[in-house]
Amino acid sequence: MVKKFLEYIALLLIAAAFVGLGLWQLDRARDMKTILNAPPPAITAPVPLESLAKPRSALDTKVDSKSVSASGFYVINFRAPNQKDSAGVVKDWEVALMQVDTTSAILVVRGLWSDRLNEPQLAMSNRIELTGILRAHQNEDRALNSPGIISRLDSSVVVGLTDLDLYDGYVMAIDEKYRDGEISRTRVTPEMRTSRIPGFYWQHISYVVIWWLMAVVVLYLPIYRRRVAD
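Treat the numbers as computed from the prediction; the structure is a model and nothing was measured.

Student: Is there a simple way to explain the overall build of the chain in this structure?
Tutor: What the chain contains, in helices and strands, is three helices and seven strands. Relative to its full complement of 230 residues, the chain shows a buried share of 38%. Across the chain, the fraction of contacts at a sequence separation of at least 24, relative to all contacts at a separation of at least 6, is 69%. Summed over its atoms, the accessible surface of the chain is roughly 14100 Å², and 61% of this surface lies on carbon and sulfur atoms.

Structure (structure tokens):
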């Protein structure tokens, strides 16, 4: 009798665990739907880069996609292959390392690589006044690192090419000005951020069904065993 009672308790605990896993998965599905349906962040007036981030420090996720301003000199130029914009168009981008003071620098996406010669009068000696969107670094490579090419938009892949202290993340340039006026070129818009919750909405819903179905199966086992015994 005691043995049978303990077996029932064990089955109830297992079933409760499956129900709990289903509820957890359901919460993740709801969170994912909320994130994906959230409106894009409102565009605000740009604030100085140094007020939101610090060199050699991880970028706070709260400042991702904030409007920033910076001033400095471009010291190195790179091609970033296979970058996807907000419309899903994949092209090579021009990325430059901007030195913003005597000791630090940040990566700046200036536009399409094919447009890099549109401003031939722009020399490295010109101070640039920049406004743009601050973004967290990319985690996945889009190409292989090689001379003049960066595999992803991430300061860690260029740290060996400079003695400057680098900011985490990068800036998507919206506007560039120098002493003779504004630099006119096609700008690229950042790829939409996907949910940081792994998987897909309906994938989570399917797991909910699976967990709860397993709970039903566990609860049905004693009934099934009794019918087989009879």
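Read on for the rest.
Student: Would you mind going over the nonpolar core with me for this structure?
Tutor: Most often, soluble globular proteins keep nonpolar side chains buried together rather than apart. Within the largest apolar cluster, 21 residues are counted, with the highest numbers of intra-cluster contacts made by Y74, M98, I106, V108, L130, L134 and V171. A total of four residues in this core trace back to one element, the largest contributor, which is strand β6 (residues 165-178). Counting 19 residues, the second largest nonpolar core, distinct from the first, contains A80, L107, V109 and L153.

Student: What is the right way to look at the pattern of salt bridges in this model?
Tutor: Should the charged atoms of two oppositely charged side chains come close, the side chains can pair. The full count for this structure, using the stated rule, is eight salt bridges. Note that E176 is salt-bridged to R110, the shortest N-O span being 2.7 Å. Of the two residues, E176 is situated in strand β6 and R110 in strand β4 (residues 104-112); the sequence distance between them amounts to 66 residues. D154 is paired through a salt bridge with R152; the nearest N and O atoms lie 3.0 Å apart. In this pair, the class of D154 matches that of R152, namely buried. Connected through shared salt-bridge partners, E94, R110, E176, R185 and R187 make up one network.

Student: I would appreciate a short explanation of the UniProt feature "transmembrane region" (unreviewed entry) in the chain in the present structure.
Tutor: Listed under "transmembrane region" (unreviewed entry) in the UniProt record, and renumbered for this structure, are residues 6-24 and 200-223. End C-alpha to end C-alpha, residues 6-24 measures 27 Å, and it is 100% helix and 0% strand.

Student: It is not clear to me how a nonpolar patch on the surface should be interpreted in this structure. Could you clarify?
Tutor: Taken together, I9, L12, L13 and L219 make up a surface patch of nonpolar side chains, about 370 Å² in accessible area. With three residues, helix α1 (residues 2-37) is the largest single contributor of residues to the nonpolar patch. Owing to a relative accessible area of 49%, L12 belongs among the partly exposed residues under this scheme.

Student: Is there a simple way to explain the environment of S57 in this structure?
Tutor: Topologically, S57 is positioned in the loop between α2 (49-52) and β2 (67-84). By relative accessible area, which is 37% here, S57 ends up partly exposed. Along the backbone, S57 and D165 are 108 residues apart, and their C-alpha atoms lie at a distance of 9.7 Å.

Parameters and conventions
- Residues numbered from 1 in each chain as written.
- Predicted model: local features only at pLDDT ≥ 70, side-chain atom pairs only at ≥ 80, totals over all residues.
- Heavy atoms only, no water.
- Helix = DSSP H or I, 4+ residues; strand = E, 2+ residues; numbered from the N terminus.
- Buried < 20%, exposed > 50% of the residue type's maximum accessible area, 1.4 Å probe, protein only.
- Contact = heavy atoms within 4.5 Å.
- Areas by Shrake-Rupley, 256 points an atom, 1.4 Å probe, with all protein chains shown as cover.
- Core = buried A, V, L, I, M, F, W, Y, C linked by side-chain atoms within 4.5 Å.
- Salt bridge = Lys/Arg side-chain N within 4 Å of Asp/Glu carboxyl O.
- UniProt positions renumbered as here; feature names shortened; annotations may be inferred.
- Patch = residues over 30% accessible without salt bridge, like charges linked within 9 Å, V, L, I, M, F, W, Y side chains within 5 Å.

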